[in-house]
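# Structure assessment
Spelled out from the first residue to the last, the chains are:
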Amino acid sequence: PDGNVYAPPFNATRVLRVECATSVVGFIGTVFTPMGHKWHTAALGGNGRLFAGPCNAGNILYIDAAFVTAGPTGVPFPRFPHGQQKWRFALSGPDGCVYVLPWTANGLLRVDCRAGVKHVEGDLLGKGLVAGEQHWKAAVVGPGDLLYAVPFDAGQLMRVDSAKEGAPSELGRWARWTARRGLWSFWARSRRCHCDMIPWSSTRMGRMRK
């Protein structure tokens, strides 16, 4: 939000900050205990902060560019080894919340960081939606401001209507990971009101139309 680049710590112990205008690289915020796969990706919330869902870490991570600080926030979740690879890919929702796709968790994580919200917390949507591992790898805001998550080892596409604040729904049906590991990897947004799924082990592109 300030023209710089921020990266949440994956195996590192602090948030990385790159000042793009000067090419100065540094670290900000809390020094975390060494651990692998703490946070994967961060996305911008409606309150101007960046948020990352916990992967092996126990808390949501916030990055405040205005005050050049970062740290944990919200109610803690089980951390490694009890909570492994919970959530990975974070996406800014059209409602100002940040949504984090479940990798091994049993629900979609929504971080309520809309403008004016004083206490940022994460809640689960569609709890018990799936079981297994490596569910959804990436997501995109598609036509109608709906969020679509591409299935990796999950058997269905995930669709989230943030305006209704309801549980995500699942669309389509493909072989689960027991038959094929990693169906599609990422989205490619088209200007023609459709989104394409980039194949991982699938033999064809996938397409979601409006």
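Here's a quick rundown of the structure.

What counts and what doesn't
- Residues numbered from 1 in each chain as written.
- Predicted model: local features only at pLDDT ≥ 70, side-chain atom pairs only at ≥ 80, totals over all residues.
- Heavy atoms only, no water.
- Helix = DSSP H or I, 4+ residues; strand = E, 2+ residues; numbered from the N terminus.
- Buried < 20%, exposed > 50% of the residue type's maximum accessible area, 1.4 Å probe, protein only.
- Salt bridge = Lys/Arg side-chain N within 4 Å of Asp/Glu carboxyl O.
- 1 Å grid on protein atoms, 1.4 Å probe; cavity = no way out; pocket = protein on both sides within 12 Å on 5 of 7 lines; lining within 4 Å.
- Points joined across faces, edges and corners; volume = space filled by probe spheres on them.
- Core = buried A, V, L, I, M, F, W, Y, C linked by side-chain atoms within 4.5 Å.
- Pairing = 2+ DSSP bridges.

### Notes on the overall build of the protein
The helix and strand tally for the protein stands at zero helices and 18 strands. Across the 210 residues that make up the protein, the buried fraction comes to 47%.

### Remarks on the pattern of salt bridges
Applying the stated rule across the entire model yields four salt bridges. Salt-bridge contacts for D2 lead to R17; the nearest nitrogen and oxygen are separated by 3.9 Å. Of the two residues, D2 sits in the segment before strand 1 (5–7) while R17 sits in strand 2 (residues 15–19), which places them 15 residues apart along the sequence. We classify R17 as buried; its relative accessible area is 14%. Salt-bridge contacts for R49 lead to D64; the nearest nitrogen and oxygen are separated by 2.9 Å. One end of the pair, R49, is in the loop between strand 4 (43–44) and strand 5 (50–52); the other, D64, is in strand 6 (residues 60–64), and 15 residues separate them in sequence. Classification of R49 by relative accessible area gives partly exposed; the value is 26%.

### Focus: empty space enclosed by the protein
Using the criterion set out here, one finds one cavity of 30 Å³ or more in the structure. Approximately 50 Å³ is the volume attributed to the largest cavity. As for the largest cavity, its lining consists of L91, Y99, L101, L108, A139, L147, Y148, A149, M158 and V160. Looking at the lining of the largest cavity, the elements with two or more residues in it are strand 9 (98–102), strand 13 (147–151) and strand 14 (157–160).

### Notes on the nonpolar core
One finds Y99, L101 and L108 to be the most contacted residues of the largest nonpolar core, which totals 16 residues. Of all the secondary-structure elements, those providing two or more residues to this core are strand 8 (87–92), strand 9, strand 12 (136–141), strand 13 and strand 14.

### Some points on unusual backbone geometry
The step from F80 to P81 runs through a cis peptide bond, and the omega angle for that step is 10 degrees. With respect to the helices, strands and loops of the structure, P81 is situated in the loop between strand 7 (69–73) and strand 8.

### Some remarks on the pairing of strand 3 (residues 24–28)
Bridging between strand 2 and strand 3 involves five bridges; their strand directions are antiparallel. Following the sheet pairing, E19 is matched in strand 3 by V24. Connecting strand 2 to the next strand, strand 3, in antiparallel fashion are four residues, including S23 with a positive phi near 65 degrees.

### Some thoughts on the environment of T33
Position of T33 among the secondary structure elements: in the loop between strand 3 and strand 4. When the C-alpha positions of T33 and R14 are compared, they lie 9.3 Å apart, and in sequence the two are 19 residues distant.

### Looking at the sheet that holds strand 5
A sheet is described by the order of its strands in space; here four strands give the open sequence 4-5-6-7, paired in antiparallel fashion. Since the sheet does not close on itself, it has two edges, and those belong to strand 4 and strand 7, each with one partner. Relative to strand 6, strand 5 runs antiparallel, the two being bridged by three bridges. Within strand 6, the position partnered with A52 by the bridge is L61.

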